[in-house]
Amino acid sequence: MKQLSRKVTSNAHGQDSSYFLGWEEYEKNPYDEIKNPNGIIQMGLAENQLCFDLIETWLAKNPDAAGLKKDGQSIFKELALFQDYHGLPEFKKALAEFMEEIRGNRVTFDPSKIVLAAGSTSANETLMFCLAEPGDAFLLPTPYYPGFDRDLKWRTGAEIVPIHCSSSNGFQITESALQQAYQQAQKLDLKVKGVLVTNPSNPLGTMLTRRELNLLVDFITSKNIHLISDEIYSGTVFGFEQFVSVMDVLKDKNLENSEVSKRVHIVYSLSKDLGLPGFRVGAIYSNDEMVVSAATKMSSFGLVSSQTQYLLSALLSDKKFTSTYLDENQKRLKIRQKKLVSGLEAAGITCLKSNAGLFCWVDMRHLLDTNTFEAELELWKKIVYDVKLNISPGSSCHCTEPGWFRVCFANMSEDTLDLAMKRLKEYVESTDSRRVISKSSHDRIKSLRKRTVSNWVFRVSWTDRVPDER
Amino acid sequence: MRTFYPSDSCKESQLDSLNPQSWLQVERGKLSSSASSSAPLCRESFIKVPEPQILPHYKPLDYVEVLAQIHEELDTCPLQERSILYLLQYQVFRGLGETKLRRRSLQSAWQEATTVHEKVVFGSWLRYEKQGEEVITDLLSSCGKYSEEFVPLDIASYFPATTASSPEAASVKTNRSVSKNVVFKIGEEKIACQRRKIASLSAPFHAMLYGNFTESLLDEIDMSENHVSSSAMRVVRDFSVVGVLIGVSKNLLLEVLVFANKFCCERLKDACDRELASLISSMECAIELMDFALEENSPILASSCLQVFLYEMPDSLNDERVVEVLTRVNRSQVSTMAGKAPFSLYSCLSEVSMCIDPRSDRTLGFLEKLVDFAENDRQQVLGFHRLGCMRLLRKEYREAEEAFETAFNLGHVYSATGLARLGYIQGHRLWAYEKLSSVISSVSPPLGWMYQERSFYCEGDKKLEDLEKATELDPTLTYPYMYRAVTRMSKQNAKAALEEINRILGFKLALECLEIRFCLYLGMDDYEAALRDIQAALTLCPDYRMFDGKVAGRQLQTLVYEHVENWTTADCWMQLYEKWSNVDDIGSLSVIYQMLESDACKGVLYFRQSLLLLRLNCPEAAMRSLQLAREHASSDHERLVYEGWILYDTGHCEEGLQKAKESIGIKRSFEAYFLQAYALAESSLDPSSSSTVVSLLEDALKCPSDRLRKGQALNNLGSVYVDCEKLDLAADCYINALKVRHTRAHQGLARVHFLRNDKAAAYEEMTRLIEKAQNNASAYEKRSEYCDRELAKSDLEMVTRLDPLRVYPYRYRAAVLMDSRKEREAITELSRAIAFKADLHLLHLRAAFHEHIGDVTSALRDCRAALSVDPNHQEMLELHSRVNSHEP
């Protein structure tokens, strides 16, 4: 054994989970319309490729931004030498305004409270370094983004304690679930330093409700702990309702300049909303000066390059562009999501009703042989190897109920999505006929409709667990 | 729990121990003459079933509608009205007999109180309701947790300080030159004061010293005629300079306050008021000061005295002087002591007083006040109906009629029962019958109590028909079963009589029904069974008196005991094992009662008793037994286990666990491990904790205990294994539990079969449980999950027959109807259960049905009623917000 650190030799990065394993399989045999039409279609990647044309058009019209010019004059030298970790003031201002615009300009963001980071991965980890000692815990509602095990725990030594959410109420956070997670942490002898939520949620594709946000703010107030709200999907909200940020709730509760507000931190990034994960632009927004100052110093470990900042400050300062972009992006996401939902339904599969994100949380419980995670893994393997779709099993997101999968829809063309749905439908029909449940997907959908829409006996039969006797 | 109508304490009747049947004659008061008569003439007819009391509660026709209205008003009303709305909600739940819910409403009324008077009234009321729960507070403090919920308030701090504008500054300058000082002469004494300071005390003083009175020119003013002592005048002088009262005695304060009142010195009066309030040291003191406070219109003092009275309930209400003050006060005096909360105050007082003695003048006095202060129809309904009930008890028929009539005319249909009874008493039986008939025909659907009441006024088949209808509409009414049982007995059909009374005892352990069955068994010479019932009754209520309160139950128990074969301790354990295994909970209770008579290991027995009472759905009695177990624990580690359960059952899981660990620290025992495992399993959803639960239960099984308890532990271990899908291990546990005759393990084993996709075996397994168990309604319910729809339906019909309070069968049947598009019938199926049970799940489903058929108004009503039952029910909240958004 080489003399390597324990970090390197241990599994704590969590990248062995099936979430990543699916990717490896995909890398070996990626689908291509022409070169590899039988390859695996990547549906495990939450990328937003629907609006590149808008950005490209803008770039063509504004050659200065990418050309590192200002009013036709080169500013190459300034940018090449720029390394102030406070970032370009005009970029932070533009970013703050963009965040305000996404929140309907109901709340304001102070650029001096923004810390730039190389993506939200880095932003989240930096916050962990600022808020938790090794061995301290953060509570996360399940299911959650598999990467958090790496981002939050690996290098910082912090721990994640799950807040168990269930399908019975659409995976919403409840007070009792929060309390139970808190008690669980105490039982494990972990000091709870805060709660981290992604809003809108990855992998659920739903926004937190006001009730949940209120609950969270009350909870962190009473327990005197932090709240990190990861809002990197805030620009993808395509439903009828507008996005509600934790900032809205603080404002409604008149807590804007309170002690509590100092314990609320927001993480943002342009990877999802603008579809620029390669640009590595993330940010922390915090009301706590100490956190801002320390995180700014830490950002030396992963800064956003100056030409990226320059380019994006020009892009985001163009209010006409941002408003068109946000509108159009939401429209296209909505259309695409509907396509996925109806495609799934044709295969007799439903999903959690969603209103945001680049993915759906899909219910395949009826396709499991048994109600276990082993069965989920079996089904997942079939879907990756046989159906040749890389989707993410719920267990990788720490979901407590077997049979749920995250399926992404914004990283491929419409044709590819159609093909993916076709493959899935064929698969389900083949298993259906094997199980002699129903002869055609048409029947299955009918029975499904009956069950979800009007089969009251089915709903009533869902009896709760009765406590044991003494 | 307190019973509402304590029985009259009659003189103990002397009973003949040789002829048990003769006891039944106590009923007819013929005892002394017939005790020796050997003729057992038609003994069965001696069993009399008393007509049920009219309940002194608010009982609206459609409680769902009223709860919904209250809920809606709570949403929109100003903050200061919320408390009184919660009080109304409390009254509705009171009428429904929902102890837990009404207490929660009272808690809400207290939490939402906006004035100090409401805080005091509701705080004291809760304190009174929670009497006997001090032990929980003690136990919590032993875990380092303190609750200070209902400590007396510092009333003065809730009153804003008086800042009466001093007349000084504005007008002083305009005055002629007068000397700076003024001397007040009282008798021989002269007290020099600063003229300006005294003038600033009040407008009258200012006018006197600077106005156009002769005094303004004088340097010396004689106050001798003003009933003020020199020492009081010195207090006034000092106050005029420093503005505070320091170290003044009570009597002097009283004098100064009178003086302040006379001369309109607002600030001075306020200061006296506050000082006096702080001096209240005892009940005596409060009684003394209350008169004064009311006389002198001192709100802080009066409220503080009232707080002492209320805080000391119920004892304080046995003090005539307290009652005299509280019933004598006029409107403005009430406002002095109770601010804007007079209705709440007299609601509380009348209710507590009714519990002590409903017939007393005191109760009457409070009820008259309650009626006086009722501000709206609903409050008047409650007041007048209650007043009617009390007048009826006091045999003041004319006044009773007036009160019932008023309540009835205000829309309280239930008050018709009072009118009917009064009519009947006055010989108008037909009129009473017609009264109820008109009520029945005027409402749709009618309610059980209407038919029950009408049955009193008719005979023969008509009577039986009405009683049948009453049971159909409200199976929880006990009278119809009792009447039918006794009638059958009188026709020499003992078996049918028993069958009838068993119908209700199978799901509702009502004392009066146990008493009837006891009598039936006596009549059948089955003393063993009679003993069982009286022992069960005494377990539920140790002071229970039989035969309309004429004979102490204990006495009868002793007498019957002489007529049965006595068991040794070993016999008792055998019997307990037998009955426990047959899921015969009442039988088990009785054996334990008997074992407690001898004094061995009482703690363990009381603990067993509490377990049985929980199964019989008597949580209050179970808690009492747990507390007795704690008192009789034979060792510290045993006591800690009972304390742990007490804490767990009162919602303090963490502390309960702590006690279990402490107990294990002293000695490893079965019960301590079992408690720890149980509390952990029920409080945690985390699958990882299941391994801890498993190892705790394994530890428990290694400790000595009897087979009854080990069977339970094996059973629970099985269910942990089922939850983490280790079906083979689970099956082993259940099979082992069955080997030690833990019969309920069939249920777990059935589940294992089911999970292994063997529905038929699951059904078989449940059938075995149904055959063995005495109480098997829940087993039928469970079995229905393991069969096809037709069988399921018949099983669920059986469940409703055995226990009409179980809600799942109604929901299932309604869902079946709904799926076959019979929406109306589906809703009716739910409504018939909702009529007698305020159940969240029933209301939830009916709301969903209404939503489905697009009846938004009804859906919204059901949502609101359901949320009144459980304000935090998640699915309900979602449905509510969805339905709400439909609203036009």
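Higher on the page you've got the structure.
These notes cover the structure that comes with them. (Residues numbered from 1 in each chain as written. Chains lettered and ligands numbered in written order. Predicted model: local features only at pLDDT ≥ 70, side-chain atom pairs only at ≥ 80, totals over all residues. Heavy atoms only, no water.)

Let's talk about the pairing of strand E7 (residues 192–198) of chain A
All names here are of chain A.
At step 1: The element E7 is largely enclosed, with a buried count of seven among its seven residues.
At step 2: Here three bridges tie strand E5 (residues 137–141) to E7, and the two strands are oriented parallel to one another. Across the sheet, the residue bridging to alanine 137 is valine 192, located in E7.
At step 3: Remark: the E7/helix H10 (residues 210–223)/strand E8 (residues 226–230) crossover connection has right-handed handedness. (Buried < 20%, exposed > 50% of the residue type's maximum accessible area, 1.4 Å probe, protein only. Helix = DSSP H or I, 4+ residues; strand = E, 2+ residues; numbered from the N terminus. Pairing = 2+ DSSP bridges. Right-handed = clockwise from strand over helix to strand, strands pointing away.)

Side note on the side chain of lysine 463 of chain B
At step 1: As for its position among the elements, lysine 463 of chain B is in helix H25 (residues 460–473).
At step 2: Apart from the residues within four sequence positions on either side, lysine 463 of chain B is in contact with Ser455, Phe456, Cys458 and Tyr483 of chain B. (Contact = heavy atoms within 4.5 Å.)

A word on the packing of helix H33 (residues 602–615) of chain B against helix H35 (residues 636–649) of chain B
Residues and elements named next belong to chain B.
At step 1: In contact at an axis separation of 11 Å, H33 and H35 are set at 20° when each is read in the N-to-C sense. With respect to their mutual orientation, H33 and H35 come out roughly parallel. Crossing handedness for the pair H33 and H35: left-handed. Along its contact with H33, which presents Gly603, Val604, Phe607 and Leu614, the element H35 presents Glu638, Tyr642, Trp645 and Asp649.
At step 2: Partitioned by chemical class, the residues of the contact of H33 with H35 number five nonpolar, one polar and two charged. (Axes fitted to C-alpha atoms, helices over the stretch in contact; angles between N-to-C directions. Parallel < 35°, antiparallel > 145°, perpendicular 65-115°, else oblique. Left-handed = near helix turned anticlockwise from the far one by under 90°. Nonpolar A, V, L, I, M, F, W, Y, C, P; charged D, E, K, R; others polar.)

Focus on the interface of chain B and chain A
At step 1: Tallying the contact residues gives 40 residues for chain B and 26 residues for chain A.
At step 2: Interface area, chain B with chain A, both sides summed: about 2900 Å², of which 49% is carbon and sulfur.
At step 3: It is Glu682, Asp819 and Gln874 of chain B in chain B that bury the most area against chain A; as a group they hold 15% of the surface buried on that side.
At step 4: Between chain B and chain A we count three salt bridges in total.
At step 5: Residue arginine 744 of chain B pairs with glutamate 469 of chain A through a salt bridge whose shortest N-O separation is 2.7 Å.
At step 6: Counting every contact that joins chain B to chain A gives six residue pairs in polar contact (both at pLDDT 80 or more).
At step 7: Elements with a minimum of two residues in the side of chain B that touches chain A: H33, H35, helix H37 (670–683), helix H39 (707–723), helix H45 (808–819), helix H47 (840–852) and helix H49 (874–886) of chain B.
At step 8: Among the elements that take part in the side of chain B that touches chain A, H45 of chain B stands out by supplying seven residues, more than any other. (Buried area = accessible area lost by both parts, 1.4 Å probe. Salt bridge = Lys/Arg side-chain N within 4 Å of Asp/Glu carboxyl O. Polar contact = N/O pair within 3.5 Å; in protein donor to acceptor, adjacent residues only side chain to side chain.)

Some thoughts on helix H26 (residues 479–490) of chain B
Residues and elements named next belong to chain B.
At step 1: An ideal rise of 1.5 Å per residue puts 16 Å on 12 residues; H26 measures up with 16 Å between its terminal C-alpha atoms.
At step 2: In terms of burial, H26 is a largely internal element, nine of the 12 residues being buried.
At step 3: Here H26 has its buried residues at Tyr479, Pro480, Tyr481, Met482, Arg484, Ala485, Val486, Thr487 and Met489.
At step 4: Buried residues in H26 make contact with helix H24 (448–455), H25, helix H27 (494–505) and helix H28 (511–523).
At step 5: Taken from the residues just after H26, glutamine 492 is the one with a positive phi, measuring 65°. (Expected span 1.5 Å × (residues − 1).)

Points about the sheet that holds strand E3 (residues 220–222) of chain B
Residue and element names in this part refer to chain B.
At step 1: Ordered by their spatial adjacency, three strands build an open sheet running E2-E1-E3, and the pairing between neighbours is mixed. Single-partner strands in this sheet number two, and they are strand E2 (189–194) and E3. Each neighbouring strand pair of the sheet contributes to a mean axis angle of 25°, computed without reference to strand direction.
At step 2: Sheet analysis places strand E1 (residues 181–186) next to E3, joined by three bridges and oriented parallel. When the bridges of E3 are listed, phenylalanine 184 appears paired with isoleucine 221.
At step 3: In the packing of helix H11 (residues 230–242) onto the sheet, contacts are made with E1 and E2, and the angle to E2 comes to roughly 10°.

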